[in-house]
Amino acid sequence: MVSLARLFSFQFSVFSFQFSVFSFQFLGFLPPKSAACQASLRDLKESSVSGVLYESPHRIMRLCEDILSVFGAEHKVCVVKELSKKYEACYRGSVQEVILQMRKSNIKGEFCVVVSRVKHEPSWHKDALLLKKYLSCSDAATVCAKMHDISRSSAYRFLLSQG
């Protein structure tokens, strides 16, 4: 059974993220050991969706450091503390910025963390750009579409957008 406060904090955290959250995966509490936590974060990174998770006050800084090591210092996160309570706080920005903000504050209460998705470029983009160096835009799109089993129009639109 999920308490109403946790459900509300989950929804509010996603809403307050202020970055595009098209789809997300709810992860709950990640494993306490750093290696297992980082493995879960690597899986999230590969999935190309945003992640929503909970963390306790005594492990929140370690979680942020694990996010930093897996995603990099500039990756966007939102950490919401004590939602709908007297000491509510919301930290947004890069992982590095959020860590610095949190070090200056009192770390107590429950935390909800939203980790932005990693945008993966389709594998055919590089091939299409390489082909465009040697072929016309139309021919490069045709060859790329056949190589990667995609629509010719998708490849053509991509190549046109690249100038």
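Scoring rules and cut-offs
Residues numbered from 1 in each chain as written. Predicted model: local features only at pLDDT ≥ 70, side-chain atom pairs only at ≥ 80, totals over all residues. Heavy atoms only, no water. Disulfide = S-S within 2.5 Å. Buried < 20%, exposed > 50% of the residue type's maximum accessible area, 1.4 Å probe, protein only. Axes fitted to C-alpha atoms, helices over the stretch in contact; angles between N-to-C directions. Helix = DSSP H or I, 4+ residues; strand = E, 2+ residues; numbered from the N terminus. Parallel < 35°, antiparallel > 145°, perpendicular 65-115°, else oblique. Left-handed = near helix turned anticlockwise from the far one by under 90°. Contact = heavy atoms within 4.5 Å. Core = buried A, V, L, I, M, F, W, Y, C linked by side-chain atoms within 4.5 Å. Salt bridge = Lys/Arg side-chain N within 4 Å of Asp/Glu carboxyl O.

S.K.: What is the right way to read the state of the cysteines from this model?
M.R.: By definition, a disulfide is the covalent link that joins the sulfur atoms of two cysteine residues. Overall, the coordinates contain zero disulfides when judged by the stated rule. Cysteine 78 takes part in no disulfide bond, and the closest cysteine sulfur to it belongs to cysteine 90, at a distance of 3.6 Å. Residue classification places cysteine 78 among the buried residues on the basis of a relative accessible area of 0%.

S.K.: So what exactly am I meant to see when it comes to the packing of helix H5 (residues 124-134) against helix H7 (residues 152-161) here?
M.R.: Two quantities define a packed helix pair, namely the angle between the helix axes and the distance between the axes. Two elements in contact, H5 and H7, have axes whose closest approach is 10 Å; the angle formed by their N-to-C orientations is 65 degrees. With respect to their mutual orientation, H5 and H7 come out roughly perpendicular. Handedness of the H5/H7 crossing: right-handed. Along its contact with H5, which presents Trp124, His125, Ala128, Leu129 and Lys132, the element H7 presents Ser154, Ala155, Phe158 and Leu159.

S.K.: Any chance you could explain the nonpolar core here in plain terms?
M.R.: For soluble globular proteins, nonpolar side chains are generally found buried alongside one another. Counting residues in hydrophobic clusters, the biggest one holds 25 residues, and the most contacted among them are Ile60, Leu63, Ile67, Val79 and Met102. Sorting the residues of this core by element identifies helix H2 (34-47), helix H3 (60-71), strand E3 (76-81), strand E4 (89-94), helix H4 (95-103) and strand E5 (111-115) as the ones contributing at least two each. Ranked by the residues each element gives to this core, the list is headed by H3, at seven residues. Setting aside chain neighbours within four positions, we find valine 79 in contact with Ile60, Cys64, Ala89, Cys90, Tyr91, Val98, Met102, Phe111, Cys112 and Val113. If you look at the next biggest cluster of nonpolar residues, it comprises 10 residues, including Ala128, Leu131, Ala155 and Phe158.

S.K.: Any chance you could explain the pattern of salt bridges here in plain terms?
M.R.: Close approach of charged atoms lets side chains of opposite charge pair. Counted according to the given criterion, the structure contains two salt bridges. Here glutamate 55 ties to arginine 59 by a salt bridge, and the two come within 2.9 Å at their closest N and O atoms. Overall, arginine 59 belongs to the buried group, its relative accessible area being 16%. Put simply, glutamate 65 and arginine 103 hold a salt bridge, and the shortest N to O gap is 3.6 Å. In this pair, glutamate 65 is assigned in helix H3 and arginine 103 in helix H4, connecting sequence segments 38 residues apart. By relative accessible area, glutamate 65 is classed as partly exposed at 36%.

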